[in-house]
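Observations on chain architecture
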Amino acid sequence: HRAFSILRVVAMSEGKDQGSEKPRPSSWVFISEQDISAITAKTICAPFEYVKIVTQLRNESIRLGAIPSHGATTWSILAATWNAGPFGFFSGNGFNIIRYFPTLALNSRLKVWVYSMFFDPSSKPKDLWSKLSRALSGGLVAGLVMSITYPLDSLRTICAFQNAAMAVNPSYKPIVSQNPFLAIWDVLSSPGTSRLQMLYSGFGATLCGIFVYRCTYFALYDTLKHRLLGKSSSFWSKFAFGYGLTALSGTITYPFDTIRRRMMVANITNAEYISSSHCVNQVFQEDNGMGAFFAGTLANIMRGFVATAVLTWFEERQKSKAKRRKSTGKKRNEGAG
């Protein structure tokens, strides 16, 4: 979703209306290519996300006893994953692909309803309140969508955590299946509701991160746009601005992601954190201060860059195909005349 926000910055910089969303055409070919572009971006970026999660959860894996403390560096875990089979770097990506479809459907439906409650989507923001209302309503939409798709994100994190643990420690027994559909069945068929409730561990930190990210993003956009971009700015300068803006906002709010992922894997193994603040205190005291909250930031930045490059390529390809169809139609009309 952050990769899409970079492309949105480019569109906004070109003077397009940021309050209204262009409807998806009814052509099944376009829909297929749009969906394929997102799935392709997620799949290509899966190894980067795996590295990020392994880096974030290395100390948590040691604390939970999933991997031995001796020599368990991030590089050794990644090397063990590679030796066990390079497909391990795509562990849990099936959940990302499954999550894309309900996220797309819910986001398009809820956006119209929520936006109409706070402002007129067809109007451009003029004052601080209108800009703030757009940021908060966007965060509300993201929060509502995440409340439904969050278990899939939890299972994706758990699968990556389990794969890394099994690569380093062959005696480790996974809690849920690495197969997406079997993992969902493992949760739904477990006795009681505690396991299902655990899949929402860290949801509060996720909501806070969503709102802080959006407010930071739009504040930086309004502050820096007129200073760094002009009407004659090239596509690549707008792309660099959008990517830098997204990377900076993501880095500022990255500790929220670290907290929620730690809570996901800790609470699924019953080594429960009492709350998000308890998790923050534990990480700060046991993992060498603030640096632990930003573990995996570089992999996260690289993941965003690769995803944006893939989506940009698909979008430019779609534009070139549209131009060819338009020119072909003109030639046919001229020939008929």
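None of the values given here were measured: they were computed from a predicted structure.

1. Re the confidence of the model for the protein chain
Averaged over the protein chain, the pLDDT score is 79; the fraction of residues at 70 or greater is 81%. In the model of the protein chain, helix H1 (residues 2-13) stands out as the element of lowest mean pLDDT, 52, in contrast to helix H10 (residues 254-268), which has the highest, 88. Here residues 17-30 is a poorly scored stretch, pLDDT under 50, and it has 22 contacts once near neighbours within four places are set aside; other chains count.

2. Points about the environment of valine 141
Turning to its location among the elements, valine 141 is positioned in helix H5 (residues 128-168). Through-space distance from the C-alpha of valine 141 to that of lysine 111 is 6.1 Å; in sequence the pair is 30 residues apart. Residues in contact with valine 141, not counting those within four places in the same chain, are Asn107, Leu110, Lys111, Val114 and Tyr115.

3. Some points on the packing of aromatic side chains
Applying the stated criterion across every chain, the model contains 9 aromatic pairs. Judged by centre distance (6.3 Å) and plane angle (55°), the ring pair of tryptophan 82 and phenylalanine 89 falls under tilted. Taking the relative accessible area as the measure of exposure, tryptophan 82 reaches 53% and is therefore exposed. Judged by centre distance (5.9 Å) and plane angle (25°), the rings of tyrosine 150 and tyrosine 200 are stacked. In this pair, tyrosine 150 sits in helix H5 while tyrosine 200 sits in the loop between helix H7 (194-198) and helix H8 (203-228), placing the two residues 50 residues apart along the sequence. Looking at tyrosine 200, the relative accessible area reads 32%, which means it is partly exposed. By way of ring pairs, the aromatic residues Tyr50, Trp82 and Phe89 are connected into one cluster.

How each quantity is defined
- Residues numbered from 1 in each chain as written.
- Predicted model: local features only at pLDDT ≥ 70, side-chain atom pairs only at ≥ 80, totals over all residues.
- Heavy atoms only, no water.
- pLDDT = per-residue confidence, 0-100.
- Helix = DSSP H or I, 4+ residues; strand = E, 2+ residues; numbered from the N terminus.
- Contact = heavy atoms within 4.5 Å.
- Phe/Tyr/Trp six-rings, centres within 6.5 Å; stacked < 30°, edge-to-face > 60°.
- Buried < 20%, exposed > 50% of the residue type's maximum accessible area, 1.4 Å probe, protein only.

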